[in-house]
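An overview of the molecular structure
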Amino acid sequence: MASRGSNRSRLRWVFLLVTSLFIITLDLRGVSPLSSLRSGTQSVLAPVERLATRVFSPVSNFFSEVGNLGRSKERIDRLEAENQELKSQIIFNENTLTQLESLKGVLDLAGKARYKTVSARVISKGGIGTFSETIVLDRGSNSGIGRDMTVIAPGGLVGVVKSTTASSSIVLLMNDPSFRIGVRVAGKQDMGILLGQGDKSHSLQMLSATSVISVGDVLLSRGSSGDKPFVPGVPVGKVSYVENAVGQLTKEGRVNGFVDLNSLSVVSVVLAAVAGDPGDALVPQAPRPAPTVTVFVTPSPTSEVQGYGD
Amino acid sequence: MEISRLPRVLLIFLTLFLIQEALINQIDFLVAGFSLYLAFFMAWVIQDQRDSAVTTGFIAGLILDLSPTLEAPFGLWTFVLASMSFLLASNVRAALDAQLTPLVMLSATVLASTFALTLFLLVGAILGQEVGSASYVIRSIFGNALWSVLLSPLYVPVAVRLHKATLTARQQ
């Protein structure tokens, strides 16, 4: 009996495995109902994620305050309530200020290049189980956002829109292992390909054997045909390491992105590059050294020198 | 698995999926991230009989495949979780004592989550998915294992209670 039961469950297991392999094959062949299942899920999840962002972020800041609940004095309670209200106000103000600064920065960048943009808030991001670096935005096709549009933050490039629903969109971040972008070195015409690695730094492969790169070089997006998926001229990152291996056909290196992808709150999606290629106009300016004041002191001659013995 | 149990299992894993996508994914964990869904699934399935474990694995995998941020082909998590559930319920479970101690359960859950992530990456790589640098993969898997250990006092008792609640009196 046990053997029959065992065989039956094994048979079921084999059947389910074959079914899952069948589903994988269908998806790889591009059967549309399967891909629309995911976008359907996104449509359902987006309002929940938006709500969770609104509710969860302020609440999480008050976990430490729970310990004060046992106090009974009315005055203490009232003061604590006021205190918490003020704290929440401060946190709210800080959050708003951070988002405002972020928004201002990204609008400055977009304004310089005359990009037509739509700003959106980050409401969620991809989990560990997906092994993909993604974020979810609270704006979608209703705001004009479409697949394969460039996403920027105050520092520069963030990623590219992977899919959209009416009110949300998923962005593939530039550190995702499947991310590729054509770049050029600012001030030169040398071109290369930047590859996401899942880490903070990205891999760079130059295209030409004669290309020369050095540490500190700024990379800008080359742009794609019809500005999709990438508009030209967006700052991508700075070369942090150049590999000098013998026998290499082209130069390779590592690049640090300009944007901290772990702390994104507001980003902008580029709908169109109105003025075409902005060239090197968006290259971040190096901070100017503060002028140092040098004071020369000339000792004035004294009429007599007093010795210790005097 | 009995048909009457199916809706309850489905509801539990759908709720868990929602929590994972809407809340857990928003938290910036110190090292990589944490998949509550995966850890909870392992803690759940290790208590199951082989028959129902395989079905649960298939259902849980299908739900996880719905994740809109997933780059892998649809069905990959279904394949991985169906395989893992059979492995856990038949081989690992049989090798353990009839009464699962918390320590044994914790170790099995963490190891199984780690193995599932590795299997997912391996099969994904075979299917042509980009995997990322070795440091990224190691950090992700290690981070998940770390958080699975640290947060186990929270999710393991819930998994045990909910699992018991879905069983009929005869099965209990």
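Residues numbered from 1 in each chain as written. Chains lettered and ligands numbered in written order. Predicted model: local features only at pLDDT ≥ 70, side-chain atom pairs only at ≥ 80, totals over all residues.

Observations concerning the overall build of chain B
Along its length, chain B carries seven helices and zero strands. Each helix and strand of chain B, ordered N terminal to C terminal, gives the series α-α-α-α-α-α-α. The C-alpha atoms of chain B give a radius of gyration of 15 Å, which matches the 16 Å a tight globule of 172 residues would have. Dimensions along the principal axes, computed over C-alpha positions, put chain B at roughly 50 × 30 × 30 Å. Contacts in chain B between residues at least 24 apart in sequence constitute 76% of all its contacts with a sequence separation of at least 6. (Helix = DSSP H or I, 4+ residues; strand = E, 2+ residues; numbered from the N terminus. Rg over C-alpha atoms; globule rule 2.2 N^0.38 Å. Contact = placed C-beta atoms within 7 Å.)

Here we look at the overall build of chain A
Check the secondary structure of chain A and you find three helices and twelve strands. Of the contacts made within chain A by residues no fewer than 6 positions apart, 61% connect residues no fewer than 24 positions apart.

Some points on the sheet that holds strand β12 (residues 266–273) of chain A
Strand order around the closed barrel formed by six strands is β1-β2-β5-β4-β3-β12 (chain A), with antiparallel pairing between neighbours. This sheet shows a mean twist of 45° between the axes of neighbouring strands, independent of strand direction. (Pairing = 2+ DSSP bridges. Axes fitted to C-alpha atoms, helices over the stretch in contact; angles between N-to-C directions.)

Section: helix α3 (residues 50–65) of chain B
Every α-helical turn comprises 3.6 residues, leaving residues that sit three or four positions apart pointing alike. Between its first and last C-alpha atoms α3 of chain B spans 22 Å; for 16 residues at 1.5 Å apiece the expected length is 22 Å, and the two agree. In terms of burial, α3 of chain B is a largely internal element, 15 of the 16 residues being buried. (Expected span 1.5 Å × (residues − 1). Buried ≥ 20, exposed ≤ 12 C-beta atoms within 10 Å, placed from the backbone.)

With respect to the nonpolar core
Within the largest apolar cluster, 55 residues are counted, with the highest numbers of intra-cluster contacts made by Phe40, Phe41, Met42, Ala43 and Leu81 of chain B. For this core, the secondary structure elements donating two or more residues are α1 (2–28) of chain A together with α1 (6–22), α2 (36–45), α3, α4 (76–95), α5 (102–126), α6 (134–150) and α7 (152–166) of chain B. Setting aside anything within four residues of it in sequence, one finds Ala43 of chain B in contact with Met105, Thr109, Tyr155, Val156 and Ala159 of chain B. If you look at the next biggest cluster of nonpolar residues, it comprises 52 residues, including Leu109, Val122, Ile123 and Val270 of chain A. (Core = buried A, V, L, I, M, F, W, Y, C linked by C-beta atoms within 7 Å.)

A few points about the pairing of strand β4 (residues 157–164) of chain A
Residues and elements named next belong to chain A. Within β4, eight of the eight residues are buried, leaving the element largely enclosed by the surrounding structure. Here three bridges tie strand β3 (residues 150–152) to β4, and the two strands are oriented antiparallel to one another. Following the sheet pairing, Thr150 is matched in β4 by Val160. With antiparallel pairing between neighbouring strands as the criterion, β3 and β4 make up a hairpin whose turn holds four residues, including Gly156 at a positive phi of roughly 155°. The sheet contact formed by β4 and strand β5 (residues 169–173) spans five bridges and is antiparallel. Bridge pairing links Gly159 to Leu173 in β5. Counted along the chain from β4 to the antiparallel partner β5, the turn is four residues long.

What to know about the interface of chain B and chain A
Taken together, the contact pairs 45 residues of chain B with 41 residues of chain A. Elements represented by at least two residues in the side of chain B that touches chain A include exactly α1, α2, α3, α4 and α6 of chain B. Classifying every residue of the side of chain B that touches chain A gives 23 nonpolar, 16 polar and six charged. (Nonpolar A, V, L, I, M, F, W, Y, C, P; charged D, E, K, R; others polar.)

Concerning the confidence of the model for chain B
Residues and elements named next belong to chain B. In the predicted model, chain B carries a mean pLDDT of 87, and 95% of its residues have values of at least 70. Mean pLDDT per element in chain B: α4 is the minimum at 87, and α2 is the maximum at 93. Interface scoring of the predicted complex returns ipTM 0.85; its pTM is 0.74. (pLDDT = per-residue confidence, 0-100.)

Section: unusual backbone geometry
Residues and elements named next belong to chain A. Residue Pro229 is reached from Lys228 by a cis peptide bond, and omega for that bond is 5°. Summarising the element assignment, Pro229 is placed in the loop between β9 (218–221) and β10 (235–243). In this structure, Asp148 takes a positive phi of about 65° despite not being glycine. By the secondary structure assignment, Asp148 is in the loop between β2 (134–137) and β3. C-beta crowding within 10 Å serves as the criterion here: with 15 such atoms nearby, Asp148 is assigned to the partly exposed category. At Asp227, a residue that is not glycine, the phi angle is positive and equals roughly 60°. With respect to the element layout, Asp227 can be found in the loop between β9 and β10.

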